[in-house]
Amino acid sequence: MRQWLLAVLLGLTLGPVQAQEDPLAGIEELELAGQALSPEQARQVLAESLPADKDARYTVLQRQLRAAQQLNERGRHLELARQLAEAGRGRTGGEAWIRVYLNAEFTWGSSGAALAACEPWLEDTSLSPATRAMVALRQTYYAAQGTDRAVTSRMWSRADALARPLLGRPGTPVHLREDWLHVRSEVERLEGDTLASLATLREAVGVARRNEAELRKRKLPPRDPELLEAMGWHDSAQGMLVYALVRQGRAAEAIELGQANLALWRSSQLSDTLGARWHYRLATALNAVQQFRPALVAARESAAMLQRQGVKSSSHTAWLAHQELVRSLMGLKRWSEADAVYRAFLASIDGEDTLARSRALDNRLLALLAAKSARLDEALEIANRQYGYRNRLYGARHPQTQESAGVRAVVRLMRGELAPALEDYEQLFAATLDSPGGWLDLDQRGFRGFVLGLAFEEFLDNVAQRALKGEKLPPALMERAMQLADRSMLGSTQRALVDSTARLLAATPALRHLLEQEQAQRQAAAAQFAKLPASLAKEDRLRKEMVTEAFKALPPAERKARATELAALREQIRSQQAEGGAAREQLEQRRAEIARQYPAYADLLMPPTPSAKVLRGLLERGEGLLLIHAGEHATLVWLQTSDGSLALHASPLGAEDLAAKVAQARTALDASALGKPVQTAVLHQLYRELLAPLEAQWRGLDSLLVASEGALSSLPLATLVTEPGGAQAAWLVRRLAVTQLPAASALQALRRGASPAAAARPLMGFGDPLFGAAPAPAGRGKRAVGRVDAEWGFRYAEVPPLPETRAELLALAKVLGADPQADLRLGAQATRRAVLAMPLQDRRVVAFATHGLMPGELPGISKPALAMAAEADERESPLLELDDVLNLRLNAQWVLLSACNTAAGEQGGAAMSGLVRGFFFAGARSVLATHWAVESASAAALSAATFQAAAAGAASRAASLRQAQLAMLEGRLGEGQWQHPYYWAGYALFGDPRR
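Residues numbered from 1 in each chain as written. Predicted model: local features only at pLDDT ≥ 70, side-chain atom pairs only at ≥ 80, totals over all residues. Heavy atoms only, no water.

### Structural notes on the sheet that holds strand β11 (residues 879-881)
- Read from one edge to the other, the open sheet built from three strands follows the order β9-β10-β11, with strand pairing classed as antiparallel. Each end of this open sheet is capped by a strand with a single partner; those strands are β9 (852-853) and β11.
- Here β9 pairs with strand β10 (residues 865-867) via two bridges, running antiparallel. Looking at β10, one finds that L853 is bridged to A865. (Pairing = 2+ DSSP bridges. Helix = DSSP H or I, 4+ residues; strand = E, 2+ residues; numbered from the N terminus.)

Here you go:
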């Protein structure tokens, strides 16, 4: 059997990563350079009086700062750092204390105070150019944590102008370049260009790593100030990388980094200060993959540690910890507790710290938490206020207004106000379903992060509850619910796919140019609308002044002047709104041009959400599209046929119940059940719950296309049993062929135009890869197993070999009439480089007979990959990753992934969805993959029989697979030894079953 046996990993090679999302937060250990003090000595130092002599005073202040930091007396530490920033002026190296103070104030004290402190130093021309550039960069970073993009953009222009001329100048500290890269990545993130932000951070990590390595070559003492500072910069860059990885859907790598650094903290290799940060960073990554319980534990520990250290609520650090605390509580649906934590945190922020308050205050969150805590009147008042402001600011058709309508829709739905709630939801659907490009304009940190999911969930739950009660639902409502469910199936893989397009764009200059234009236009539209808040605030002040008694007492000429000013201001507002609207129209035109010239890329980046009418037109005679969505309290099942209306059924099975039954069903199909009668009761129960109520609609079909998610994606629906009992199970595969789709919307991409002409040659296969081609270096082998951001180590040579796949591909070549010498790459030839170099566009079948890797199966692997043969050059990755797949050029009717677990459910299923969509983008019409670790001989027989049926003229690819499965379960293939579903049900066909 082909079992995945990569328990041969030798462990991870992680250094002392002390990363931090604030570029300067990791360097604070520099202040502790020198001999450590005992607690008693530190208290004595803090008790010393400051001498009048400036030089002596400066020396004592430095000692006291070190003492305060060792004792975790944050308030004293901040005050001492502020004094040193002033006392260091004119002294050699003294300007460095400005950076120390700003970092400490922002991280532990008042983020608003840190921002306000920057401007006076920027105006001080007596400071060195490098210091002023550093302050400008700090100011930009702090502003980027707020909500005013226009202000941040202006600050970045000044900071860039001050820093850039110094970057290549001899004598400029290397850390200025690192800081510039860190801040540039924050600006890119704020502008929505997360790919550029990630690339910039990778560059920053490289600069910092090289600098630290150069210093280590000098054999400096462990606590040398220069080495400590270099380590801090390196760690800070990696800390920012944690957040960038999460944004790109690569939370698995972020979790690995968090856990490794907390292990160092537990072994006393990291301070409690860094331990607190790593706790909330880990919580961020865990929340991103919905591991809410461990995220809550980590976030609570972080908040408690920060409180013990005296960290102020107005600090950036406190907010990061509490943000994850609230998110994890929301994920666990502990609404009242999340509401109490969030409101208590807001109340604790210094009222004069506008930056801290604007960063933490989210009216969408306040409204939703109030609604979930049964304060519905309060929730509606907040939602109305926010919608009114955004409508006045942007207009009703802007995505920001539409998302506010979505928040109000949730509140109205919970209040039982169905009709107005549905009107609001339609505005939200306009932004998210009808205009896929508008998805990019929503706030990723808030709305796209957790608010949108809650809004969709409430809508689907309302539809489910009404359907369970037997209500006759309007067709439009059923269709919108189906679109939402379909959109949710794309969410778990979308960011990884977008991240994987970087190399594709590099190889497609024309497309890259169009996307750069789209991004520039998106930023231009945002900049136009960014002018409005200040104008509206000024208009509000004037309007309110003009109704006061004081205004009425003014001379007529002055009152007239104010009225003229107000009229001019209102005209300016109308002009700004018109300019913003025109910029939005140009943005839509840019996106339409991308979709017209590169429709496949548009499907990948901004996948459409087709209506039931569109889907009906895509289906061929005899086909039905089944979409299944498991919610918390019910499972919704839609069926669309080519000649019928959309049908909806609701089962009372919630996601947890469904997952439990799927686990039972998988056990009945597992290799451990071989030699025993197949336990079909649960398989019939699942059929009865999910498909039987719609049987009248699909009875005449011969092909069922299924889009499902979560646990159900790990179960081949062909194994559902349509009748109870009986000597021979009434498998669903006896009645029709089953094909899987990553989402219903994938069918639109696959069937947009006419099918291309069939490729001339039958096969190109890669199998039995030689994993041990290059011997591992002494000790621990290091190989570039992928483009990852940490240096992971493992022995690729010990990956279990797959000699049986050679026979499988040789049998396949015989069936298809291919030449084994020309059309197969086996053993040492089955490399990633061979795949990328091969012209695959003229092959009807492209086969990979090797291990399939799901995210997390190897350290540093966050996207699905196929394990290929190793090469002697260790710089060559042996993994064919999703990035590579997107760059292939195929015209294949089939891609065969004869690898274990490539169609696995849960996280593996989501990853498989991404890999399948990648092959579709590359030009494949269908992918044949495996649900579990298959037995080699039966797998070879089944795949050969499938392609033999296709060559003999089967009605479709789905019918070819079904014929082979029927032959096996009926004993005609394998002489009865493979009748158990473990053998014949493992393969699943993804994609278009016919064209």
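### Examining the packing of aromatic side chains
- Enumeration according to the criterion identifies 18 aromatic pairs in this entry.
- When the centroid spacing of 5.6 Å and the interplanar angle of 25° are considered together, the rings of W319 and F345 count as stacked. Of this pair, W319 sits in helix α14 (residues 316-331) while F345 sits in helix α15 (residues 335-348), placing them 26 residues apart in sequence. Taken as a pair, W319 and F345 share a single burial class, namely buried.
- Ring centres of Y982 and Y983 lie 5.2 Å apart, and the angle between their planes is 70°; this geometry places the pair in the edge-to-face category.
- With relative accessibility at 3%, the residue Y982 sits in the buried group.
- Owing to a relative accessible area of 16%, Y983 belongs among the buried residues under this scheme. (Phe/Tyr/Trp six-rings, centres within 6.5 Å; stacked < 30°, edge-to-face > 60°. Buried < 20%, exposed > 50% of the residue type's maximum accessible area, 1.4 Å probe, protein only.)

### Section: empty space enclosed by the protein
- Here the structure, examined in full by the defined rule, presents three cavities of 30 Å³ or more.
- For the largest cavity, the calculated volume is near 130 Å³.
- A718, V738, L961, Y987 and A988 are, among the 17 residues lining the largest cavity, the residues nearest its centre.
- Mapped by element, the contributors of at least two residues to the lining of the largest cavity are β5 (737-741), α40 (957-969) and β14 (987-991).
- When its residues are assigned to classes, the lining of the largest cavity shows twelve nonpolar, four polar and one charged. (1 Å grid on protein atoms, 1.4 Å probe; cavity = no way out; pocket = protein on both sides within 12 Å on 5 of 7 lines; lining within 4 Å. Points joined across faces, edges and corners; volume = space filled by probe spheres on them. Nonpolar A, V, L, I, M, F, W, Y, C, P; charged D, E, K, R; others polar.)

### Quick notes on helix α6 (residues 129-144)
- Taking 1.5 Å per residue as the helical rise, α6 with its 16 residues ought to reach 22 Å, and the 23 Å between its terminal C-alpha atoms agrees with that figure.
- In terms of burial, α6 is a largely internal element, 13 of the 16 residues being buried. (Expected span 1.5 Å × (residues − 1).)

### Topic: the packing of helix α3 (residues 74-87) against helix α4 (residues 96-108)
- As a packed pair, α3 and α4 sit with axes 8 Å apart at the nearest point and diverge in direction by 150°. With respect to each other, α3 and α4 are oriented roughly antiparallel. Crossing handedness for the pair α3 and α4: left-handed. Seen from α3, the contacting residues are R74, H77, L78, A81, R82, L84 and A85; seen from α4, they are W97, I98, Y101, A104, E105 and W108.
- Each residue belonging to the contact of α3 with α4 can be placed in one class, and the counts come to nine nonpolar, one polar and three charged. (Axes fitted to C-alpha atoms, helices over the stretch in contact; angles between N-to-C directions. Parallel < 35°, antiparallel > 145°, perpendicular 65-115°, else oblique. Left-handed = near helix turned anticlockwise from the far one by under 90°. Contact = heavy atoms within 4.5 Å.)

### A word on unusual backbone geometry
- We note that Q290 has phi near 65°; this positive angle belongs to a residue other than glycine.
- Mapped onto the elements of the fold, Q290 is located in the loop between α12 (272-288) and α13 (292-308).
- The backbone of K333 sits at a positive phi, close to 60°, despite the residue not being glycine.
- Note on placement: K333 falls in the loop between α14 and α15.
- Taking the relative accessible area as the measure of exposure, K333 reaches 28% and is therefore partly exposed.

### Things to note about the layout of surface pockets
- Here the second largest pocket is characterised by a volume of approximately 840 Å³.
- Lining the second largest pocket are 38 residues, with A600, A749, F920, F921 and G923 positioned closest to its centre.
- Residue assignment for the lining of the second largest pocket shows that the elements contributing at least two residues are α28 (599-605), α33 (745-750) and α38 (906-922).
- Broken down by element, the lining of the second largest pocket gets its largest block of residues, five residues, from α28.

### Some words on the side chain of T200
- Summarising the element assignment, T200 is placed in helix α9 (residues 194-217).
- Of the polar contacts made by the side chain of T200, one reaches the side chain of R184; its length is 3.2 Å.
- Once residues within four sequence positions are removed from consideration, T200 is found in contact with L181, R184, S185 and E188. (Polar contact = N/O pair within 3.5 Å; in protein donor to acceptor, adjacent residues only side chain to side chain.)

### Observations regarding helix α17 (residues 363-372)
- Across the ten residues of α17, eight count as buried, placing the element largely inside the fold.
- Within the span of α17, buried status applies to R364, L365, L366, A367, L368, L369, A370 and A371.
- Immediately beyond the C-terminal end of α17, within one or two residues, lies A374, with a positive phi of roughly 70°.

### Description of the pairing of strand β8 (residues 843-849)
- Taken across its seven residues, β8 has six buried, putting it largely inside the fold.
- Where strand β6 (residues 761-769) and β8 come together, six bridges link them in parallel fashion. Of the residues in β8, the one forming a bridge with F766 is F848.
- Taken together, the four bridges between β8 and strand β12 (residues 894-897) define a ladder with parallel strand orientation. Paired with F848 across the two strands is L897, which belongs to β12.

### Regarding the nonpolar core
- If you look at the biggest cluster of nonpolar residues, it comprises 185 residues, and the most contacted ones within it are W638, F848, L890, V895 and F919.
- Counting residues per element, this core draws most heavily on helix α21 (residues 447-468), which supplies ten residues.
- In this structure F919 touches F848, V885, L888, L890, V895, L897, A924 and V927, once residues within four positions along its chain are discounted.
- Among the nonpolar cores identified, the runner-up in size contains 72 residues, and L690, V706, A958 and Y987 belong to it. (Core = buried A, V, L, I, M, F, W, Y, C linked by side-chain atoms within 4.5 Å.)

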